[in-house]
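So the chains spell out like this:
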Amino acid sequence: MKLTKKELQNIVSRIDEGIASDDDLMIYNSWCNSNQNVALDFSLTDIKSKMLNNINFQIDQKKNLLRIWTKVSAAAVLLVCISVGLHFYSNQNQPVEVVSNMIKPGGNGAILTLANGSQVALTKAKNGQVATQGQMLVNKLEDGKIVYQESSETSGSVIEPAINTLSTPRGNKFKLILPDGTLAWLNAASSITFPTVFRGKERHVSIIGEVYFEVAHNAAVPFRVTSGELNIEVLGTHFNVSAYADEPFAKTTLLEGSVKIVSGKSKAIIKPGEQAVTGRQGLRIIPTDVHQETAWLNGNFQFENNDITSVMRQLSRWYDVRVIYESNVPNVHYTGIVPQRAEIVEVLNMLTKTGNTRFKVDKKEITVK
């Protein structure tokens, strides 16, 4: 891609400041791909120096990434790309074999299952009332999310709760405002089961998959999230729960407030910037990059030394594809940011930059070679 010195400097500056748009990311990533073996014909000394400092800092903080950073440090242009997380490191550019491509990026959509078992497809539903649950109205707002509101005709009367489930198919996200005002944002292949009105001493919901919560504060009635053996208790806070059945462990990441985590016989309270990891090894509390864990909210994939199976599971859910490994699973890891609106072939071409993997796309199936 042709970029002037000034254009490239402006884009890199916006990325470094954290204000880059999706178009900036796409343009810069394309530039990196097409110029990885070409020496820069102008100086980016200040920017490169700052980026190198950032890389050295991350090496000190994360020694397990030392091998990866060392591998790519020989190419100055790759250092520019890596430091802003946009380029997947490479020794060669191997094309993706496309037999037939029926794969599209995901979008906004969900299915609402009512108490009587009937279902409402929300993807194409018009704005306004989409269902009635007892004295509660289910409305779709202009921004696409649904909200539960009490009918004006029954104001003041006792409302009997009914159990609803909102689920997102593979390749879809959706926002929901729960009856207490809590925001629940579902990632692809996820679900949340909840009452149409909260009664009793707690507000309880159960989830599958990944859900981000902004809990409405109510000190008298704690908010509780369960997923299998994972139990999360909060009063009012922002946190992300990833508990997919095909992942090796569940992760609860805290952005604001504090939450209590209970898993089996283990208990812990986590603070902002921490993550509770639960799985076969029990409960662990680790520091984490909340921006990486919630990148999906901003329409991005963000990988940090993720192995190929982890990357492909995320792609499989968002692009609604089946992934097949032709032989042994390649021992490769990826660090970078990719907009979720990118076409699948473009994403896979980035992954081939490792030089160790090739892909074949056939209809809605991806083969890893």
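Quick caveat: nothing in here was measured; it's all calculated off a predicted structure.

Q: Quick one: what's the story with the overall build of the protein chain, residue by residue and with numbers?
A: The helix and strand inventory of the protein chain stands at eight helices and 25 strands. In the protein chain, which comprises 369 residues, the share counted as buried stands at 49%.

Q: Requested: an account of the pairing of strand E25 (residues 365-368), with residues and values cited.
A: Both faces of the sheet carry side chains from a regular strand, because those side chains alternate between them. One ladder, built from four bridges, connects strand E22 (residues 322-325) with E25; its direction is parallel. Following the sheet pairing, Ile 324 is matched in E25 by Thr 367. As paired strands, strand E24 (residues 359-363) and E25 are joined by four bridges and run antiparallel to one another. The residue of E25 that forms the bridge with Lys 360 is Thr 367. A loop of one residue connects E24 with E25, the two strands running antiparallel in sequence.

Q: Give a description of the pattern of salt bridges that names residues and reports values.
A: In this structure the tally under the stated criterion is 11 salt bridges. Across the salt bridge formed by Arg 170 and Asp 320, the nearest N and O atoms sit 3.1 Å from each other. In this pair, Arg 170 is assigned in the loop between strand E8 (163-168) and strand E9 (172-177) and Asp 320 in the loop between helix H7 (308-319) and E22, connecting sequence segments 150 residues apart. Arg 170 gets classed as partly exposed once you look at its relative accessible area, which sits at 34%.

Rules and cut-offs
- Residues numbered from 1 in each chain as written.
- Predicted model: local features only at pLDDT ≥ 70, side-chain atom pairs only at ≥ 80, totals over all residues.
- Heavy atoms only, no water.
- Helix = DSSP H or I, 4+ residues; strand = E, 2+ residues; numbered from the N terminus.
- Buried < 20%, exposed > 50% of the residue type's maximum accessible area, 1.4 Å probe, protein only.
- Pairing = 2+ DSSP bridges.
- Salt bridge = Lys/Arg side-chain N within 4 Å of Asp/Glu carboxyl O.

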